[in-house]
Amino acid sequence: MNFEQRQLVVPGTLLAEGKYEAGFNVYRDADKYFASIVGLADLRNDLVSVIPLRGCYLPQPGDIVIGKVIECIPTAWMLDIRSPYQGVLFASEFLSKPLNPMREEARKYLDVGEMVIASVIAFDRTRNPSLSCRDHNLGKIQRGTVIDVDATRVPRIIGKKGSMIGMLKKESNTQIMVGQNGRVWISGKTRDEEAYVAAAVRKIADEAHTSGLTDRIREYLVSNRR
Amino acid sequence: MKFEIGDPFSDTPDEGVMQVSAEFVPFASPEFEPGKPDETAVELARVVDRGLRESKILDTSKLCIVPGKKVWICHVDLYILDHCGNLIDTAALAGLCALLSAKMPEVKVKGEAVEMTGKKLPMPLSGNVPINVTLAKIGDKLFIDPSFEEEEVLDCRLSVAFMQKGDDEKSLMICAMQKGEAGYLTTDEAVRAVELAKLKSQELRSLVSSKVNING
Amino acid sequence: MTTEKLISDDGIRNDGRKLDELRKIKFEIGVLKNTDGSAYVEWGRTKILVGVMGPRESHPKHLAMPDKARIDAFYRMASFSVEEWKSPAPSRRETELSKVIREALGPAVFTEYFPRTSIDIFIEVLQADGSTRCAAISAASLALVDAGIPMRDLVASIAVGKVEGQLVLDVQDKEDKEGESDMPMAYMPSKNAVTLLQMDGQITHDEFLRSIELLKKGCLDVYKMQKEAIEAHFKVNESNTEEA
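Since the model is a prediction, treat every value here as computed from it, not as a measurement.

Moving on, we get to the overall build of chain A. The helix and strand tally for chain A stands at 4 helices and 16 strands. Considered along the principal axes of its C-alpha atoms, chain A spans approximately 65 × 50 × 25 Å. Scored against the burial criterion, the 226 residues of chain A give a buried share of 51%. Surface summary for chain A: the accessible area is close to 11100 Å², and the carbon and sulfur share equals 47%.

Moving on: the overall build of chain C. Within chain C, the secondary structure is distributed over 4 helices and 9 strands. When the helices and strands of chain C are placed in sequence order, the string is β-β-β-β-α-β-α-β-β-α-β-β-α. Relative to the globule expectation of 18 Å for 244 residues, the C-alpha radius of gyration of chain C, 19 Å, shows essentially globular dimensions. The principal-axis extents of the C-alpha atoms in chain C amount to approximately 60 × 45 × 35 Å.

Another point: the side chain of His75(B). Residue and element names in this part refer to chain B. By the secondary structure assignment, His75 is in strand 4 (residues 70-80). There is a polar contact of 2.8 Å between the side chain of His75 and the side chain of Glu4. Contacts of His75, omitting those with residues within four sequence positions, involve Met1, Lys2, Glu4 and Gln19.

Now for the sheet that holds strand 4 (residues 70-77) of chain C. Residue and element names in this part refer to chain C. With mixed pairing, 5 strands are arranged side by side in an open sheet as 1-2-3-5-4. Of all the strands in the sheet, the pair left with one neighbour each is strand 1 (25-29) and strand 4. Sheet twist, expressed as the average angle between the axes of neighbouring strands with direction ignored, equals 15°. Here 8 bridges tie strand 4 to strand 5 (residues 117-127), and the two strands are oriented parallel to one another. Its bridge partner being in strand 5, Arg70 is matched across the sheet by Ser118.

A few words now on the interface of chain C and chain A. Taken residue by residue, the interface counts 36 residues in chain C and 36 residues in chain A. Roughly 3100 Å² of surface becomes buried between chain C and chain A when both sides are summed, with 54% attributable to carbon and sulfur atoms. Here chain C and chain A share 2 salt bridges between them. With its nearest N and O atoms 3.0 Å apart, the salt bridge here joins Asp146(C) to Arg54(A). In this structure, the connection of chain C to chain A is made through 11 residue pairs in polar contact (both at pLDDT 80 or more). Elements with a minimum of two residues in the side of chain C that touches chain A: strand 3 (46-57), helix 2 (132-146) and helix 4 (205-234) of chain C. Here the side of chain C that touches chain A is built from residues that sort into 16 nonpolar, 7 polar and 13 charged.

Conventions we followed
Residues numbered from 1 in each chain as written. Chains lettered and ligands numbered in written order. Predicted model: local features only at pLDDT ≥ 70, side-chain atom pairs only at ≥ 80, totals over all residues. Heavy atoms only, no water. Helix = DSSP H or I, 4+ residues; strand = E, 2+ residues; numbered from the N terminus. Buried < 20%, exposed > 50% of the residue type's maximum accessible area, 1.4 Å probe, protein only. Areas by Shrake-Rupley, 256 points an atom, 1.4 Å probe, with all protein chains shown as cover. Rg over C-alpha atoms; globule rule 2.2 N^0.38 Å. Polar contact = N/O pair within 3.5 Å; in protein donor to acceptor, adjacent residues only side chain to side chain. Contact = heavy atoms within 4.5 Å. Pairing = 2+ DSSP bridges. Axes fitted to C-alpha atoms, helices over the stretch in contact; angles between N-to-C directions. Buried area = accessible area lost by both parts, 1.4 Å probe. Salt bridge = Lys/Arg side-chain N within 4 Å of Asp/Glu carboxyl O. Nonpolar A, V, L, I, M, F, W, Y, C, P; charged D, E, K, R; others polar.

Listed below in structure tokens is the structure:
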């Protein structure tokens with residue numbers, strides 16, 4: 001092993017030599033393991049990986065994402081999900097009844113610019129990720145605020161076993177949904193309430209890799225609460 | 001080759017101009033499209049140009065007609081008619097042979113006017129003949145003269161132009177290099193490629209000298 | 001032609017550098033808001049801004065590749081970047097440099113991770129004083145890091161020239177114009193991989209071999225500065241132990 005735990009590494013940094021396993025953002029060349037992205041090096045058992053500090057969102061089945069409609073096609077919507085690949089939401093995955101494109105337009109139900117919370121049901125990079133809203137808590141966003149953060153910071157916003165997001169909800173008394181694609185939906189009683197929670201979420205993203213963050217965020221929320 | 005009387009460049013008022021261009025004729029390959037030269041054509045022209053220019057085979061100072069006003073512009077126009085691989089070496093040889101065998105028109109300056117005499121003059125050439133050799137790499141193998149099919153799958157290529165300044169091999173100099181395509185070479189491979197190019201350039205040089213007079 | 005010497009008798013170049021000394025190089029990362037990654041470099045008086053967009057849906061769509069991302073580089077010189085006004089129309093030189101820069105960066109990128117997408121690298125030379133392709137490649141690899149694009153290694157680049165019969169590292173414009181040769185190289189140190197190699201001018205075979213060694217040394221110097229720039233930009237105060 002060639003690094004200290006949580007050391008900042010760059011693409012091409014030699015992380016380890018010998019019997020290891022390559023985890024996320026690490027590639028192997030013969031018996032050498034190199035970082036492929038800027039991030040913090042991590043060794044768990046024999047698994048060498050890099051916690052990314054930058055990177056785009058790549059969809060995975062099961063992820064909850066927040067998408068914005070950019071195109072209505074006869075029986076589906078194309079969604080920007082802050083990924084290299086646009087999401088496809090078929091009408092059958094959004095409406096409870098079939099949509100007949102001869103009789104009605106898809107945009108009647110969901111128009112360009114509107115946002116939805118959806119889950120990724122399939123993605124293999126040869127086709128665009130397909131999305132679904134057929135589950136509890138999914139569907140069109142009707143109210144609240146949506147903000148964008150770097151997708152690599154999502155695990156920190158959620159926190160270990162949901163500790164950070166749990167604290168955010170409890171201290172602010174708002175509804176929050178964190179999309180794996182780095183979009184966060186916040187819904188409170190007032191705009192002001194949503195704004196200060198949004199600021200707290202941005203603070204978490206900016207300071208994601210510093211210690212004592214949960215306490216600092218709690219203090220921030222308490223001092224901003226009216 | 002074609003000659004034309006034109007204006008010199010402002011930074012070299014007393015020198016003629018050599019201009020190399022490459023045209024990819026659409027029937028030469030299904031990959032070629034009609035229209036403006038694309039980046040492959042631009043690269044080809046510039047690599048051939050670099051070999052000829054840097055070798056100083058053409059004495060451009062002798063292409064001046066009226067200093068600062070009128071100079072010869074020599075167009076070396078490469079037309080790719082049927083693409084079967086290794087365009088760079090082929091085009092470089094063609095350009096070189098055209099230059100070596102060209103005759104330029106004689107002119108007389110009378111006051112402001114420039115008159116053609118109708119006679120032809122030999123080109124002002126030095127003996128620095130540049131020979132371009134392209135090494136292709138597939139896997140860990142280096143080889144010369146890639147075919148069209150080999151070019152479809154090669155990792156990368158390194159083109160090296162060697163010129164001979166004097167009579168013996170010791171006077172061999174490198175006068176242009178260009179790595180192309182998406183892969184890479186190790187530094188050892190680059191060193192080996194240059195050695196191979198040096199060797200092969202001598203073979204091609206004898207071939208050229210058996211066909212045209214290379215001593216200007 | 002000038003009669004001024006470019007190298008003094010005690011081996012000092014006309015800008016005060018030793019033969020194998022680099023100019024002052026300053027990299028900055030994350031300087032643009034509307035790109036996925038960006039970097040700015042001041043390399044002596046050469047100033048270049050690089051923005052990376054992507055991986056994103058390939059436009060036009062028919063150029064998308066089914067098994068990997070398409071990389072494109074666009075090297076442009078601002079009309080005010082050189083002493084005389086440069087026409088903004090793309091020149092043949094810019095077309096060629098865009099191609100070789102793309103081919104210099106391509107081997108570093110794991111393009112197979114993003115099939116059907118494109119990664120566009122936009123390079124604007126704001127001020128040119130020699131070695132612009134080397135500075136552009138070195139800065140572009142930082143912009144790719146900033147965009148979070150997975151790479152095998154950073155690509156570092158530098159040029160060696162022959163000036164008054166001596167090999168010099170990191171060629172400035174005056175040395176390029178008045179010297180005998182210019183040989184830029186781009187290099188991935190951890191793979192010993194040469195991704196760009198060009199030369200114009202006249203050098204002997206022996207000078208070529210010495211140039212390669214000098215270029216390796218120069219690229220390692222640049223590589224070190226690239227790493228320092230990344231560390232300075234991403235440095236975290238303390239490592240976090242409560243991370244999930």
